[in-house]
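Geometric and topological summary
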There are 2 protein chains.
Amino acid sequence: MYELREPVFIVGVGYTRIGRWFDKSARELFAEAMAKAIEDAGGLKPKALVVGNMTSGYLMEQESLGALMADYSGLRGIPAFKVEAACASGGAALYAGYSLVSSGLVDVVAVGGVEKLTEKLTEAATFALAMAADREYEVFYGASFTGLNALITRLYMDKYGYTHEDLAYWALRMHEYASYNPYAQLRKKTTLETILKSPVIADPIRLFDCSPIGDGAAVAILVRGEEKAREVAKAVGRDVLVEIAGVGLATDSVDLGSREDLLTLKSTVKASREALAMAKLEPGDIDYAEVHDAFHVTGYLALEDLGFCGKGEAAKLWREGRFGKGDKPEINFSGGLKARGHPVGATGVYQVIEVAMQIRGDYPGYKASDPETGLAHNLGGVATYSVVTVLRRWR
Amino acid sequence: MYELREPVFIVGVGYTRIGRWFDKSARELFAEAMAKAIEDAGGLKPKALVVGNMTSGYLMEQESLGALMADYSGLRGIPAFKVEAACASGGAALYAGYSLVSSGLVDVVAVGGVEKLTEKLTEAATFALAMAADREYEVFYGASFTGLNALITRLYMDKYGYTHEDLAYWALRMHEYASYNPYAQLRKKTTLETILKSPVIADPIRLFDCSPIGDGAAVAILVRGEEKAREVAKAVGRDVLVEIAGVGLATDSVDLGSREDLLTLKSTVKASREALAMAKLEPGDIDYAEVHDAFHVTGYLALEDLGFCGKGEAAKLWREGRFGKGDKPEINFSGGLKARGHPVGATGVYQVIEVAMQIRGDYPGYKASDPETGLAHNLGGVATYSVVTVLRRWR
């Protein structure tokens, strides 16, 4: 590995409330997040922008998203481009932005994500999300994205002997956490009965097992070198510096038919190993994590493949209360994709800034137990992409 | 600037013929280009992939392009993502790929571009291309992408006193060059009369003033450090190493209404200054360049804003024969977007590998006069994006 790299820090974060923003366009959401991030960084203006987004071509009929978001945020002219990696677009944008800063090409980089799923009817959004799957091998034959995840859920239940009720505790806890989260899309607690009786979307997945469709934008500002990070922290009166200690991105086949094992998120295993190795940490060293729970089963598989528990154990341990307050790691206090919401290309950025704020100690929702290390896990497709970002309190 | 950077080299190039490939899908085109690039690099396998593409969401109804192209090219699992910057998606992918290699995150990176414009009817392609413009401020009101460029052409003619015939020499020469190019889309010479009598697309732009709609894929393989580059060159019996000496990416407003001056490609001025400064070169030092001539006027403005001639002079000088064989710089011997073709997200990658091959001395078409320095200029939208890449023969 190229060892001359200077450390990279997150010095500003901004985000919108997640919701169905029929009255706001993507550029308005993005500019709001950017303005907050710049304020959070003591007025430091980004010199480049990477924007994560998946569906703008189909749903907004708009490309040129990098330049558009830069311009509407008052940053006309800076280097900017969009990164797409399905639902991991935000995480991949962070990976690309990290390398821009780390390489020395640009010294202050904004990594943003934005998604506007409510621009057309919900049917169009569902179709657009299925573009994460293989158009020629899967979608053409009628598969929806929820349908593909339903296959995996069924396999998980069959292999490890879980019932629908066993799995339903994911949503229960996510709604509980999100009730503390001022920017979450679903801020109401729910009950086991509500979850179990919610309509079937693609058997065995029910409505309350799925993340909702919503819009949102999030921005993180990255700088290179301790000196610069300290300068920003001092200007805004913050004590804690948050370092990006490791990044990992891995892929898998897009179509599920080519996979060796549908119950292992192989790309997650690879990406997390890479990110943790770069940070010189083990899974057991992580205090806090945000994992990608597009569906309940995705959350469980993530816990297993990130090395936080053994294969097949996650749903059992979760039902018993593991991964909650005071445990190690604490998981998804934002409410996760399930209840904080899942504004696709922005999700990976939300996760990273949530972990950063938990480490800083100023998270506005359910607070973690003063974590020193944190991890964000962002999936695209059915783990066609995994992006893992490891954050650490500096010194 | 961060001075510890090791040089980055292009060690392999591959591409398909450009055309209307109704019988091939994007993944097939891409895998062909990748296989050729790996062969050209003596079998060196990329460890990450950045894919430039603009329209896959709308025209192919397919995202997850990074993983899809990696997998179909036999590289399942490697870090991969798509970059979108309208028609500069290929150039922006190179910019992102350069930073991945340069940062030390990955040591062998493939930068590819692919576009499949013939997946739906031509009307759909025209609509998809207009997503480079502002959906809310321009396209909603009926503007097409050619229409916006027609405004600029009219202004250029009015301000500098050019006739349609004055401008038509761009296409004449591009068709001439492309007649030597085995992978060009339009490989026939044409006549001034044909150009002048071709149908009006958006007055004053006629059919032969426009680049055609076509499909294609191109890949460049990048490595860090002279040692690695030399190892590859030795394996394939090549003497010349091609260094990426400078990269620059700049943006402008998406909508034309916000511009100060429609006849200056401000982002091109900025991006080329940045790339040339990084390479420690001046415009006058460049021996060979591929410039982005989506329309004749774009080519002329590019020559002016890259600093190769004064404002308003390009069409006059061009008509007089400047920028041809033996001149400095020599321009677009590929035939340019006009006749080599413009497979949108792949175009920027084609340009870079054309310049690289001219420097290596093994370009398969019309040969430049043994250039030592070269420049690729890739635009997105009406210069909403400019990416400038400076290449140089090593030592």
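In short, a report on the structure. (Residues numbered from 1 in each chain as written. Chains lettered and ligands numbered in written order. Predicted model: local features only at pLDDT ≥ 70, side-chain atom pairs only at ≥ 80, totals over all residues. Heavy atoms only, no water.)

A common way to state how big an interface is: give the accessible area lost once the parts meet. Each side of the interface is counted separately: chain A has 65 residues, and chain B has 65 residues. Summed over both partners, the interface of chain A with chain B buries about 5400 Å², with 51% contributed by carbon and sulfur atoms. Summed over the shared surface of chain A and chain B, the number is six salt bridges. The partner of Arg135 of chain A in a salt bridge is Glu61 of chain B, and the shortest N-O contact between them spans 2.7 Å. For the side of chain A that touches chain B, the secondary structure elements donating two or more residues are α2 (56-60), α3 (65-72), β3 (80-84), α4 (89-103), β8 (242-251) and α11 (266-279) of chain A. When its residues are assigned to classes, the side of chain A that touches chain B shows 35 nonpolar, 14 polar and 16 charged. Pairing analysis gives three bridges linking β3 of chain A to strand β3 (residues 80-84) of chain B, with the strands arranged antiparallel. Looking across to β3 of chain B, one finds that Lys82 of chain A is bridged to Glu84 of chain B. (Contact = heavy atoms within 4.5 Å. Buried area = accessible area lost by both parts, 1.4 Å probe. Salt bridge = Lys/Arg side-chain N within 4 Å of Asp/Glu carboxyl O. Helix = DSSP H or I, 4+ residues; strand = E, 2+ residues; numbered from the N terminus. Nonpolar A, V, L, I, M, F, W, Y, C, P; charged D, E, K, R; others polar. Pairing = 2+ DSSP bridges.)

Now for the packing of helix α1 (residues 26-40) of chain A against α3 of chain A. Residues and elements named next belong to chain A. Two elements in contact, α1 and α3, have axes separated by 9 Å at closest approach and are oriented at 60 degrees. The angle between α1 and α3 places the two elements in the oblique class. In terms of crossing hand, the pair formed by α1 and α3 is right-handed. Between α1, through Ala26, Arg27, Glu28, Phe30 and Ala31, and α3, the contact on the second element is made entirely by Leu68, Met69 and Tyr72. Of the residues in the contact of α1 with α3, the class split is six nonpolar, no polar and two charged. (Axes fitted to C-alpha atoms, helices over the stretch in contact; angles between N-to-C directions. Parallel < 35°, antiparallel > 145°, perpendicular 65-115°, else oblique. Left-handed = near helix turned anticlockwise from the far one by under 90°.)

Now for the packing of helix α6 (residues 145-160) of chain A against helix α12 (residues 296-305) of chain A. Residue and element names in this part refer to chain A. The N-to-C vectors of α6 and α12 enclose an angle of 60 degrees; their axes lie 9 Å apart at closest approach. For the element pair α6 / α12, the angle class is oblique. The handedness of the crossing between α6 and α12 is left-handed. Contacts between α6 and α12 involve Asn149, Ile152, Thr153 and Tyr156 on the former and, on the latter, His296, Val297, Thr298, Tyr300, Leu301 and Glu304. Its residues assigned to classes, the contact of α6 with α12 comprises five nonpolar, four polar and one charged.

Attention now moves to the pairing of strand β12 (residues 385-393) of chain B. All names here are of chain B. Judged by how many residues are buried, β12 sits mostly within the fold: seven of nine residues are covered. Relative to β12, strand β8 (residues 242-251) runs antiparallel, the two being bridged by nine bridges. Bridge pairing links Val242 to Arg393 in β12. Sheet topology note: the strand β11 (residues 373-380)/β12 ladder contains eight bridges and is antiparallel. Residue pairing across strands places Asn378 opposite Val387, the latter belonging to β12. (Buried < 20%, exposed > 50% of the residue type's maximum accessible area, 1.4 Å probe, protein only.)

Purely geometric numbers; function is a separate question.
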